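Results of the structural survey
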Amino acid sequence: TQLLEQSPQFLSIQEGENLTVYCNSSSVFSSLQWYRQEPGEGPVLLVTVVTGGEVKKLKRLTFQFGDARKDSSLHITAAQPGDTGLYLCAGTYSGAGSYQLTFGKGTKLSVIP
Amino acid sequence: NAGVTQTPKFRILKIGQSMTLQCAQDMNHNYMYWYRQDPGMGLKLIYYSVGAGITDKGEVPNGYNVSRSTTEDFPLRLELAAPSQTSVYFCASSYVAANTEAFFGQGTRLTVV
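Residues numbered from 1 in each chain as written. Chains lettered and ligands numbered in written order. Predicted model: local features only at pLDDT ≥ 70, side-chain atom pairs only at ≥ 80, totals over all residues. Heavy atoms only, no water.

Let us look at the overall build of chain B. Looking only at helices and strands, chain B features zero helices and 11 strands. Along the chain direction, N to C, the helices and strands of chain B fall in the order β-β-β-β-β-β-β-β-β-β-β. A globule of 113 residues ought to have a C-alpha radius of gyration of about 13 Å, and chain B, at 13 Å, matches this closely. With 113 residues in all, chain B has 46% of them scored as buried. Across chain B, contacts joining residues at least 24 apart in sequence account for 54% of those joining residues at least 6 apart. If you sum the accessible surface of chain B, you get close to 5300 Å²; carbon and sulfur atoms cover 52% of it. If the 9 positive side-chain charges of chain B are averaged to one point and the 8 negative ones to another, these points end up 11 Å apart. (Helix = DSSP H or I, 4+ residues; strand = E, 2+ residues; numbered from the N terminus. Rg over C-alpha atoms; globule rule 2.2 N^0.38 Å. Buried < 20%, exposed > 50% of the residue type's maximum accessible area, 1.4 Å probe, protein only. Contact = heavy atoms within 4.5 Å. Areas by Shrake-Rupley, 256 points an atom, 1.4 Å probe, with all protein chains shown as cover. Lys, Arg positive; Asp, Glu negative; His and termini not counted. Charge placed at Lys NZ, Arg CZ, Asp CG, Glu CD.)

What follows is the structure in C-alpha coordinates.
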(Lines give C-alpha, C1' and ligand atoms only; values in the text may rest on other atoms or scores of the structure.)
Protein backbone atom coordinates (compact mmCIF):
# COMPACT_ATOMS: atom_id res chain seq x y z
CA THR A 1 0.00 0.00 0.00
CA GLN A 2 1.38 3.37 -1.01
CA LEU A 3 1.27 6.11 1.62
CA LEU A 4 0.42 9.74 1.05
CA GLU A 5 1.35 12.12 3.85
CA GLN A 6 -0.49 15.40 4.09
CA SER A 7 0.48 18.31 6.34
CA PRO A 8 -0.66 20.06 8.33
CA GLN A 9 -3.61 17.94 9.45
CA PHE A 10 -5.47 20.99 10.78
CA LEU A 11 -5.14 24.68 9.89
CA SER A 12 -7.09 27.60 11.30
CA ILE A 13 -6.36 31.04 9.85
CA GLN A 14 -7.88 34.50 9.60
CA GLU A 15 -9.57 35.70 6.46
CA GLY A 16 -7.06 37.33 4.12
CA GLU A 17 -4.07 35.23 5.17
CA ASN A 18 -2.11 32.98 2.84
CA LEU A 19 -1.52 29.28 3.44
CA THR A 20 0.18 26.26 1.95
CA VAL A 21 -0.63 22.58 2.44
CA TYR A 22 1.61 19.73 1.42
CA CYS A 23 1.30 16.22 0.06
CA ASN A 24 4.31 13.87 0.09
CA SER A 25 5.17 10.30 -0.78
CA SER A 26 8.28 8.15 -0.90
CA SER A 27 7.13 6.84 -4.28
CA VAL A 28 6.82 8.55 -7.65
CA PHE A 29 3.31 9.57 -8.65
CA SER A 30 1.96 8.87 -12.12
CA SER A 31 -0.47 11.68 -11.47
CA LEU A 32 -1.85 13.56 -8.52
CA GLN A 33 -5.21 15.09 -7.86
CA TRP A 34 -6.44 17.59 -5.28
CA TYR A 35 -10.00 17.34 -4.02
CA ARG A 36 -12.03 19.52 -1.67
CA GLN A 37 -14.69 18.02 0.57
CA GLU A 38 -17.37 19.87 2.49
CA PRO A 39 -19.23 18.36 5.48
CA GLY A 40 -21.85 15.83 4.42
CA GLU A 41 -20.68 15.81 0.81
CA GLY A 42 -18.38 13.75 -1.34
CA PRO A 43 -15.01 15.10 -2.52
CA VAL A 44 -14.98 17.34 -5.59
CA LEU A 45 -11.99 17.52 -7.92
CA LEU A 46 -10.00 20.78 -7.95
CA VAL A 47 -7.10 19.88 -10.22
CA THR A 48 -5.04 17.06 -11.74
CA VAL A 49 -1.28 17.40 -12.23
CA VAL A 50 0.70 14.97 -14.33
CA THR A 51 4.05 16.53 -15.34
CA GLY A 52 6.94 17.07 -12.91
CA GLY A 53 7.35 20.78 -12.15
CA GLU A 54 3.85 21.56 -13.36
CA VAL A 55 2.08 24.58 -11.87
CA LYS A 56 -1.65 25.11 -12.23
CA LYS A 57 -3.72 28.03 -11.01
CA LEU A 58 -7.40 28.06 -10.16
CA LYS A 59 -8.34 31.62 -9.15
CA ARG A 60 -6.63 32.10 -5.74
CA LEU A 61 -5.42 28.49 -5.57
CA THR A 62 -1.99 27.51 -6.93
CA PHE A 63 -1.04 23.86 -7.29
CA GLN A 64 2.53 22.70 -7.79
CA PHE A 65 3.82 19.24 -8.67
CA GLY A 66 7.39 18.50 -7.56
CA ASP A 67 10.06 17.97 -10.20
CA ALA A 68 10.55 14.37 -9.05
CA ARG A 69 6.77 13.79 -8.91
CA LYS A 70 6.95 12.71 -5.26
CA ASP A 71 5.34 15.77 -3.73
CA SER A 72 2.78 18.47 -4.34
CA SER A 73 1.59 21.65 -2.69
CA LEU A 74 -1.54 23.72 -2.65
CA HIS A 75 -1.19 27.44 -1.94
CA ILE A 76 -4.19 29.65 -1.22
CA THR A 77 -3.80 33.41 -1.46
CA ALA A 78 -6.00 35.70 0.63
CA ALA A 79 -8.10 32.91 2.10
CA GLN A 80 -11.83 33.44 2.40
CA PRO A 81 -14.41 31.73 4.65
CA GLY A 82 -15.71 29.93 1.56
CA ASP A 83 -12.37 28.09 1.34
CA THR A 84 -13.17 26.24 4.56
CA GLY A 85 -13.22 22.48 4.03
CA LEU A 86 -11.18 19.29 3.90
CA TYR A 87 -8.47 19.26 1.23
CA LEU A 88 -7.44 15.81 0.04
CA CYS A 89 -4.65 14.81 -2.25
CA ALA A 90 -4.96 11.57 -4.19
CA GLY A 91 -2.33 9.86 -6.27
CA THR A 92 -1.75 7.05 -8.65
CA TYR A 93 1.65 5.43 -8.80
CA SER A 94 3.95 4.12 -11.47
CA GLY A 95 3.61 0.37 -11.66
CA ALA A 96 0.39 0.25 -9.71
CA GLY A 97 -2.96 -0.38 -11.33
CA SER A 98 -3.97 2.91 -12.83
CA TYR A 99 -7.47 2.43 -11.53
CA GLN A 100 -6.56 2.83 -7.87
CA LEU A 101 -6.65 6.29 -6.34
CA THR A 102 -4.81 6.47 -3.01
CA PHE A 103 -5.90 9.30 -0.75
CA GLY A 104 -4.05 11.16 1.98
CA LYS A 105 -5.70 11.86 5.35
CA GLY A 106 -6.47 15.42 4.34
CA THR A 107 -5.93 18.93 5.70
CA LYS A 108 -8.91 20.41 7.50
CA LEU A 109 -8.92 24.15 6.83
CA SER A 110 -10.95 26.70 8.79
CA VAL A 111 -10.95 30.30 7.62
CA ILE A 112 -12.23 32.65 10.31
CA PRO A 113 -14.03 35.83 9.15
CA ASN B 1 -27.71 15.08 -14.49
CA ALA B 2 -27.99 12.99 -11.35
CA GLY B 3 -24.30 11.94 -11.42
CA VAL B 4 -23.56 9.35 -8.72
CA THR B 5 -26.48 8.45 -6.48
CA GLN B 6 -26.07 6.55 -3.23
CA THR B 7 -28.81 5.09 -1.05
CA PRO B 8 -29.51 5.12 1.82
CA LYS B 9 -27.94 8.27 3.27
CA PHE B 10 -28.05 7.00 6.84
CA ARG B 11 -28.42 3.56 8.36
CA ILE B 12 -28.09 1.94 11.78
CA LEU B 13 -27.36 -1.78 11.83
CA LYS B 14 -27.14 -4.24 14.68
CA ILE B 15 -24.07 -6.45 14.98
CA GLY B 16 -24.44 -9.47 12.72
CA GLN B 17 -27.03 -7.95 10.40
CA SER B 18 -26.46 -7.62 6.66
CA MET B 19 -27.25 -4.85 4.22
CA THR B 20 -26.56 -3.59 0.71
CA LEU B 21 -25.44 -0.07 -0.06
CA GLN B 22 -26.69 1.00 -3.45
CA CYS B 23 -24.73 3.07 -5.97
CA ALA B 24 -25.84 4.14 -9.42
CA GLN B 25 -24.26 6.47 -11.99
CA ASP B 26 -25.77 7.87 -15.16
CA MET B 27 -22.57 9.12 -16.84
CA ASN B 28 -21.74 5.85 -18.65
CA HIS B 29 -18.48 5.57 -16.69
CA ASN B 30 -16.55 2.34 -16.89
CA TYR B 31 -14.73 2.68 -13.57
CA MET B 32 -16.53 2.57 -10.24
CA TYR B 33 -15.14 2.53 -6.70
CA TRP B 34 -16.22 2.08 -3.11
CA TYR B 35 -14.35 3.95 -0.37
CA ARG B 36 -14.81 4.25 3.37
CA GLN B 37 -13.88 7.35 5.34
CA ASP B 38 -13.29 7.15 9.07
CA PRO B 39 -13.01 10.27 11.28
CA GLY B 40 -9.68 12.03 10.79
CA MET B 41 -8.73 9.71 7.99
CA GLY B 42 -8.64 9.88 4.25
CA LEU B 43 -10.57 7.58 1.97
CA LYS B 44 -9.63 3.92 1.87
CA LEU B 45 -10.47 1.87 -1.21
CA ILE B 46 -12.66 -1.17 -0.51
CA TYR B 47 -13.41 -2.53 -4.00
CA TYR B 48 -13.34 -1.22 -7.52
CA SER B 49 -14.59 -2.23 -10.95
CA VAL B 50 -13.24 -1.45 -14.40
CA GLY B 51 -16.40 -2.52 -16.19
CA ALA B 52 -19.50 -4.69 -16.03
CA GLY B 53 -18.64 -8.16 -14.78
CA ILE B 54 -15.17 -7.16 -13.52
CA THR B 55 -14.40 -6.36 -9.90
CA ASP B 56 -11.27 -6.37 -7.76
CA LYS B 57 -10.22 -5.83 -4.18
CA GLY B 58 -8.83 -2.59 -2.88
CA GLU B 59 -6.97 -1.86 0.33
CA VAL B 60 -9.64 -2.93 2.87
CA PRO B 61 -12.00 -5.55 1.30
CA ASN B 62 -12.56 -7.86 4.30
CA GLY B 63 -16.20 -8.04 5.38
CA TYR B 64 -17.52 -6.65 2.08
CA ASN B 65 -18.61 -7.97 -1.30
CA VAL B 66 -19.50 -6.29 -4.58
CA SER B 67 -21.02 -7.10 -7.92
CA ARG B 68 -21.19 -5.22 -11.23
CA SER B 69 -23.88 -6.68 -13.46
CA THR B 70 -24.48 -3.42 -15.35
CA THR B 71 -22.41 -0.34 -16.20
CA GLU B 72 -24.70 1.82 -14.09
CA ASP B 73 -24.89 -0.06 -10.78
CA PHE B 74 -22.23 -1.09 -8.26
CA PRO B 75 -23.78 -2.29 -4.97
CA LEU B 76 -21.69 -2.95 -1.86
CA ARG B 77 -22.78 -5.82 0.39
CA LEU B 78 -21.98 -5.99 4.09
CA GLU B 79 -22.30 -9.45 5.59
CA LEU B 80 -22.35 -9.90 9.38
CA ALA B 81 -21.92 -6.24 10.27
CA ALA B 82 -19.31 -5.39 12.91
CA PRO B 83 -18.69 -2.17 14.90
CA SER B 84 -15.44 -1.72 12.95
CA GLN B 85 -17.55 -1.13 9.85
CA THR B 86 -19.04 2.03 11.32
CA SER B 87 -17.96 4.64 8.80
CA VAL B 88 -19.04 6.90 5.96
CA TYR B 89 -19.08 5.06 2.65
CA PHE B 90 -18.54 6.81 -0.66
CA CYS B 91 -19.15 5.48 -4.13
CA ALA B 92 -17.33 7.10 -7.05
CA SER B 93 -17.04 6.69 -10.79
CA SER B 94 -14.68 7.85 -13.52
CA TYR B 95 -14.70 7.64 -17.28
CA VAL B 96 -11.46 5.87 -18.06
CA ALA B 97 -9.07 5.42 -15.14
CA ALA B 98 -7.92 6.98 -11.91
CA ASN B 99 -5.99 9.69 -13.79
CA THR B 100 -9.28 11.26 -14.77
CA GLU B 101 -11.75 12.98 -12.50
CA ALA B 102 -13.57 10.77 -10.04
CA PHE B 103 -17.15 11.83 -9.31
CA PHE B 104 -18.40 11.00 -5.84
CA GLY B 105 -21.80 10.36 -4.38
CA GLN B 106 -22.95 12.11 -1.20
CA GLY B 107 -22.08 9.16 0.99
CA THR B 108 -23.84 6.71 3.29
CA ARG B 109 -23.29 7.13 7.01
CA LEU B 110 -23.44 3.68 8.60
CA THR B 111 -23.44 2.96 12.32
CA VAL B 112 -23.15 -0.60 13.63
CA VAL B 113 -24.29 -1.04 17.23
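From this point, things continue past the structure.
Roughly 720 Å³ of volume is contained in the largest pocket. Along the wall of the largest pocket there are 31 residues; nearest its centre are Gln-37, Pro-39 and Gly-40 of chain A together with Gln-37 and Arg-109 of chain B. The set of elements that each furnish at least two residues to the lining of the largest pocket consists of strand E9 (85–93) and strand E11 (107–112) of chain A together with strand E9 (87–94) and strand E11 (108–112) of chain B. Here the residues of the lining of the largest pocket sort into 10 nonpolar, 14 polar and seven charged. (1 Å grid on protein atoms, 1.4 Å probe; cavity = no way out; pocket = protein on both sides within 12 Å on 5 of 7 lines; lining within 4 Å. Points joined across faces, edges and corners; volume = space filled by probe spheres on them. Nonpolar A, V, L, I, M, F, W, Y, C, P; charged D, E, K, R; others polar.)

Our focus in this paragraph is unusual backbone geometry. Ser-7 of chain A connects to Pro-8 of chain A through a cis peptide bond whose omega is -10°. Residues Thr-7 of chain B and Pro-8 of chain B are joined by a peptide bond in cis, for which omega reads -5°. If you trace the backbone, Pro-8 of chain B turns up in the loop between strand E1 (4–7) and strand E2 (10–13). Of note in this structure, Ala-78 of chain A is not a glycine but carries a positive phi near 50°. Relative to the helices and strands, Ala-78 of chain A resides in the loop between strand E8 (71–76) and E9. Among the residues examined, Ala-78 of chain A registers a relative accessible area of 31% and is labelled partly exposed.

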